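Fold and geometry: a report
The chain contents come next:
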Amino acid sequence: MNLYDDKNAHNDIEAVLENMTRLVENKELEQILGNEFVKELVDWDATITKRCNEPFTIVILGEFKRGKSTIINALLGKELAPTNVSPETYTINEISYGETQKIEAVLENGQRIPLDISEITREKLEIKMRLFPAKISYIDIRDNSPFLKEMKIVDTPGLSDLDDLDKQVTEYLINADAIMYATSSLLPFSETEQVFLASHVQPQRFGMLYVLVNMIDALNSQRDVNKIMNRFTRMLEQTVPNAFIYGISGADELRRKLGTT
């Protein structure tokens with residue numbers, strides 16, 4: 001989208017909000033349509049306004065060992081998202097734009113504790129977490145990557161147990177503008193993954209749902225790539241027919257952007 005189109009879209013949204021405000025304030029219309037309908041209009045108006053004032057948000061989902069953090073780092077062109085973490089130490093990571101790099105652990109009691117990027121590795125974070133006065137709600141990561149000027153990334157824990165799906169993750173899903181779901185070409189598309197997509201993602205009817213079949217570079221031939229992608233496509237058509245499916249290599253893309261290929 002170019003600047004002209006972006007400005008036009010913004011003007012269109014402003015016009016819609018102005019019209020909704022007039023409708024909400026119209027007492028005659030309230031008498032005709034009823035209080036419940038007008039309340040829904042008020043709620044819609046608040047939701048649209050809130051979403052317009054927030055950055056475009058991408059939520060990254062997937063079970064452990066699917067390369068979510070590597071995919072995020074490939075998008076950013078730098079090693080920022082924590083890798084090699086365990087289920088016990090994995091946190092929700094909100095990654096957004098900042099003029100200078102800043103990392104804070106946001107605790108459930110509201111306290112913010114500054115961290116260095118080297119401290120969000122598995123071993124050091126395990127030690128830190130034991131010293132904090134409360135549990136971590138999420139880690140707030142700010143960085144000046146140009147990618148983050150346009151959108152915020154939410155890196156979520158591995159979804160290995162649907163019974164333990166955190167309410168916080170569910171809230172991120174509800175408020176997401178797009179979802180990237182990471183799978184692996186080297187691992188079976190598990191029943192748990194299919195159940196999660198069908199029960200927690202598909203009901204939201206996302207306009208932008210991307211299923212990324214990662215580690216495609218590890219396959220032996222193009223024939224194997226085609227075979228795997230066809231299998232994933234068939235299975236996903238039954239679960240999330242609105243999804244866009246791509247075979248990728250997060251590691252290769254990250255190395256390319258870092259200039260280490």
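Structural data are supplied above this passage.
The structure reproduced in this document is the subject of the present report. (Residues numbered from 1 in each chain as written. Predicted model: local features only at pLDDT ≥ 70, side-chain atom pairs only at ≥ 80, totals over all residues. Heavy atoms only, no water.)

Helix and strand counts for the chain stand at nine helices and nine strands. Buried positions account for 39% of the 261 residues belonging to the chain. Summarising the internal contacts of the chain: among those between residues at least 6 apart in sequence, 77% fall at separations of at least 24. Summed over all atoms, the accessible surface of the chain reaches about 15,000 Å², with 50% contributed by carbon and sulfur. (Helix = DSSP H or I, 4+ residues; strand = E, 2+ residues; numbered from the N terminus. Buried < 20%, exposed > 50% of the residue type's maximum accessible area, 1.4 Å probe, protein only. Contact = heavy atoms within 4.5 Å. Areas by Shrake-Rupley, 256 points an atom, 1.4 Å probe, with all protein chains shown as cover.)

The final tally for this structure, using the stated rule, is three aromatic pairs. Between Phe189 and Phe232, the aromatic rings sit 5.3 Å apart at their centres with planes inclined by 50°, giving tilted as the arrangement. Remark: Phe232 occurs in helix α8 (residues 222–239) and Phe189 occurs in the loop between β7 (178–184) and α7 (191–201); sequence separation between them is 43 residues. Note on accessibility: Phe189 and Phe232 belong to one class, buried. (Phe/Tyr/Trp six-rings, centres within 6.5 Å; stacked < 30°, edge-to-face > 60°.)

Glancing now at α7. If you check which residues of α7 are buried, you get Glu193, Phe196, Leu197 and Val201. Each buried residue of α7 sits inside an arc of 95° when the element is viewed along its axis, so together they form one side. Elements that come into contact with the buried residues of α7 comprise β1 (56–61), α6 (167–175), β7, β8 (209–214) and α8. (Arc of directions from axis to C-beta.)

This next bit is on the pairing of strand β5 (residues 136–143). Side chains on a regular strand alternate between the two faces of the sheet. Most of β5 is tucked away, with six of its eight residues classed as buried. Relative to β5, strand β2 (residues 93–97) runs parallel, the two being bridged by five bridges. Among the inter-strand pairings, Ser96 is bridged to a residue of β5, identified as Arg142. Two elements, strand β3 (residues 102–107) and β5, share six bridges in a ladder whose sense is antiparallel. (Pairing = 2+ DSSP bridges.)

So, about the pattern of salt bridges. One pass over the structure, following the stated rule, counts 11 salt bridges. One network of salt bridges, with partners in common, ties together Lys102, Glu104, Arg112, Asp140 and Arg142. (Salt bridge = Lys/Arg side-chain N within 4 Å of Asp/Glu carboxyl O.)

Across the interface, α7 lies against α8 with an axial gap of 10 Å and an inter-helix angle of 35°. Of the two possible hands of crossing, α7 and α8 adopt the one that is right-handed. Residues Gln194, Leu197 and Ala198 of α7 form the contact with α8, whose participating residues are Met235, Leu236 and Thr239. For the contact of α7 with α8, the residue count by class is four nonpolar, two polar and no charged. (Axes fitted to C-alpha atoms, helices over the stretch in contact; angles between N-to-C directions. Left-handed = near helix turned anticlockwise from the far one by under 90°. Nonpolar A, V, L, I, M, F, W, Y, C, P; charged D, E, K, R; others polar.)

Membership of the largest hydrophobic core comes to 28 residues, with the highest contact counts inside it found for Val59, Leu61, Ile179, Tyr181, Leu197, Val201 and Leu236. Mapped by element, the contributors of at least two residues to this core are β1, α6, β7, α7, β8 and α8. At five residues, α8 tops the list of elements feeding residues into this core. Counting 26 residues, the second largest nonpolar core, distinct from the first, contains Ile72, Ala105, Leu115 and Ile136. (Core = buried A, V, L, I, M, F, W, Y, C linked by side-chain atoms within 4.5 Å.)

This part covers the environment of Leu107. Inspection of the secondary structure puts Leu107 in strand β3. The residues contacting Leu107, other than those within four sequence positions of it, are Ile113, Phe132, Pro133, Ala134, Lys135, Ile136 and Ser137.

Before going further, it helps to spend a moment on helix α4 (residues 68–76). For α4, the tally of buried residues reaches seven of nine residues, placing the bulk of the element in the interior. If you follow the buried residues of α4, they end up packed against β1, β2, β6 (151–155), β7, β8 and α9 (250–258). Once α4 finishes, Gly77 follows within two positions and takes phi at roughly 75°, a positive value.

Moving on, we come to unusual backbone geometry. A positive phi angle, close to 70°, is found at Lys65, a residue other than glycine. Positionally, Lys65 belongs in the loop between β1 and α4. The backbone of Met215 shows a phi angle near 65°, a positive value even though the residue is not glycine. Here Met215 is to be found in the loop between β8 and α8.

You can see Val211 is positioned in strand β8. Classification of Val211 as buried rests on a relative accessible area of 0%.

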